[in-house]
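Spelled out, the chains give:
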Amino acid sequence: MNMTEPLQFQRLRGDLRLDEPMSRHVSWRAGGAADRFYAAADLDDLGEFLRQLPPQEALLFVGLGSNLLVRDGGFRGTVIMTHTPRLRPRMDSGLIYAEAGVASPKVARLAALHDLEGAEFLTGIPGCIGGALAMNAGCYGGETWDIVERAVTIDRAGRLVMRAKDEFDIGYRHCVPKPEREEWFAAAWFRLPPGDGETSRGVMKELLSRRIATQPLQLPNAGSVFRNPPRDHAARLIEACGLKGFGRGGARVSEKHANFIVNPEGAAKASDIEWLIQHVQRIVYQMQGVVLQTEVRIVGEAA
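Residues numbered from 1 in each chain as written. Predicted model: local features only at pLDDT ≥ 70, side-chain atom pairs only at ≥ 80, totals over all residues. Heavy atoms only, no water.

A.B. asks: Please explain the sheet that holds strand E5 (residues 75–81) as it appears in this structure.
C.D. replies: Think of a sheet as strands paired side by side through backbone hydrogen bonds, with each pair either parallel or antiparallel. Across the sheet, which stays open at both edges, the four strands sit in the order E1-E2-E5-E3 with mixed pairing between neighbours. Since the sheet does not close on itself, it has two edges, and those belong to strand E1 (15–21) and strand E3 (59–62), each with one partner. The average undirected angle you get between the axes of adjacent strands in this sheet is 25 degrees. With four bridges joining them, E3 and E5 adopt parallel strand pairing. Bridging from a neighbouring strand, Leu59 pairs with Thr78 of E5. The sheet strands contacting helix H1 (residues 43–52) are E1, strand E2 (33–39), E3 and E5, and the helix crosses E5 at an angle near 160 degrees. (Pairing = 2+ DSSP bridges. Helix = DSSP H or I, 4+ residues; strand = E, 2+ residues; numbered from the N terminus. Axes fitted to C-alpha atoms, helices over the stretch in contact; angles between N-to-C directions. Contact = heavy atoms within 4.5 Å.)

Pasting the structure below:
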């Protein structure tokens, strides 16, 4: 049990837990516990919670946990859980509005329902809008910030601020405020051109079929582990090094897609997964001369 002195909170409407195992909240199903874990009732409640935290408190915002590894020693600070199944995107003056905790595929489905095109690729993003904004997530030729009109961020004081697109430095799997400031995405509006809903649904169905055929979706994983190098693919490099199926502890490089590390029995430690990530990087550099950059985020303390 973590011995952190409990903080006293007032007027909260969300779910606050202590020593919450993060293996329950990341798609790898591995990792240690967070000192504090808060699932806010809504954005107003989240602001109230943030205002009551100590200013030096380490914060980690988590959606579906699909791009995250929490080390076995856990996270010394507070995890904010943004995702909840009840969250839905909605139309707002011709734009699609979605809070950070909305699962990305829901935006694609709403767009198709209203005969808008350009969001189909979000069907292939296994996370929430907050994470998609923070890393400019993309696949199948589309990237999140290609369709963002504007965003809302929240800071440590619980203030919600409207941000224009040009207030961020945006690149491949990269998005940071300029100038850099400590804030997190709370919501965004998406602008999409008119299209045909039936055509969009057909594209989404095709993309989903492609994912099922090429990715190990039935096993615990965190999506693509490494960014694709310029004019190449991480999966091709890893496979060329003979690393498909290579394992450590309960974790292994997927035989189905080499840029995925899976935890088939749910028995892998976070340290197994992290060691395997580093091993793949070493071997690919030794054999191919390419430094693979991680797409997943690794946080927390070693056991």
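Don't stop here, the text continues.
A.B. asks: What should I look at first to understand the packing of aromatic side chains in this one?
C.D. replies: The description of an aromatic ring pair uses the distance of the two centres, along with the angle that the planes make with each other. Using the criterion set out here, one finds eight aromatic pairs in the structure. Centre to centre, the rings of Phe61 and Trp184 are 4.9 Å apart; their planes meet at 15 degrees, and the pair counts as stacked. Of this pair, Phe61 sits in strand E3 while Trp184 sits in strand E14 (residues 183–190), and the two are 123 residues apart along the sequence. Look at Phe61 and you get buried, because its relative accessible area is 17%. Of the residues examined, Trp184 reaches a relative accessible area of 15% and is grouped as buried. (Phe/Tyr/Trp six-rings, centres within 6.5 Å; stacked < 30°, edge-to-face > 60°. Buried < 20%, exposed > 50% of the residue type's maximum accessible area, 1.4 Å probe, protein only.)

A.B. asks: I keep staring at the pattern of salt bridges and nothing clicks. Help me out?
C.D. replies: Two side chains with opposite charge may pair up if their charged atoms get near one another. Tallied over the entire structure, the rule returns 22 salt bridges. Taking the shortest distance from any N to any O, the salt bridge between Asp42 and Arg13 comes out at 2.9 Å. Of this pair, Asp42 sits in the loop between E2 and H1 while Arg13 sits in the segment before E1, placing them 29 residues apart in sequence. Using a relative accessible area of 33% as the deciding quantity, one classes Asp42 as partly exposed. Between Arg51 and Glu48 there is a salt bridge, with its nearest N and O atoms 3.5 Å apart. (Salt bridge = Lys/Arg side-chain N within 4 Å of Asp/Glu carboxyl O.)

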